Amino acid sequence: MTSLKKDFTSEAALQSFAASLGPQLQAGDVLLLDGDLGAGKTSFTKGLAKGLGITDYVKSPTFTIVREYRHGRLPLYHMDLYRLEDGGPRISVLKSTSKVMGCLSWNGRIFWD
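Residues numbered from 1 in each chain as written. Predicted model: local features only at pLDDT ≥ 70, side-chain atom pairs only at ≥ 80, totals over all residues. Heavy atoms only, no water.

A. Quick peek at the environment of Arg-70. Here Arg-70 shows up in the loop between strand E2 (66-69) and strand E3 (76-80). For the pair Arg-70 and Asp-56, spaced 14 residues apart in the sequence, the C-alpha separation amounts to 8.9 Å. Here the side chain of Arg-70 touches Glu-68 through a polar contact of 2.3 Å, side chain to side chain. (Helix = DSSP H or I, 4+ residues; strand = E, 2+ residues; numbered from the N terminus. Polar contact = N/O pair within 3.5 Å; in protein donor to acceptor, adjacent residues only side chain to side chain.)

B. Spatial organisation of the pairing of E3. Judged by how many residues are buried, E3 sits mostly within the fold: four of five residues are covered. The pairing of E2 with E3 spans four bridges and is classified as antiparallel. Its bridge partner lying in E3, Glu-68 is registered against Tyr-77. The antiparallel pairing of E2 with E3 creates a hairpin that spans six residues between the two strands. (Buried < 20%, exposed > 50% of the residue type's maximum accessible area, 1.4 Å probe, protein only. Pairing = 2+ DSSP bridges.)

C. Structural context of the packing of aromatic side chains. Counted by the stated rule, this structure contains one aromatic pair. For the ring pair Phe-8 and Phe-17, a centre distance of 5.4 Å and an interplane angle of 45° mean the geometry is tilted. Judged by its relative accessible area of 29%, Phe-8 falls in the partly exposed class. Of note, Lys-6 hangs over the ring of Phe-17, and the distance from its end group to the ring centre comes to 5.5 Å. (Phe/Tyr/Trp six-rings, centres within 6.5 Å; stacked < 30°, edge-to-face > 60°. Lys NZ or Arg CZ within 6 Å of the ring centre and 35° of its normal.)

The following block contains the structure:
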């Protein structure tokens, strides 16, 4: 696993950086996003979606847990696990032969198979 911590001076700079990652990502890649509420995790995902050629409106999955965007170079699943309670149901993420890529926020609540 590769880790990257980066600070940005604006939302536009964050989204531009995320968009630049889109062409480099492959099916099965998973990005773990960490940060407080309002840190820019959904803004990052908006830029990433643009870099993947996704033109759908990207919004936070805080209340739906997961949002799916299928109309791009790769399908993108944006998951926000903030509303899951500690000790509650866990999500198992398989990193096998997936044909999608994922962006996960609040990833400390994931059980990895």
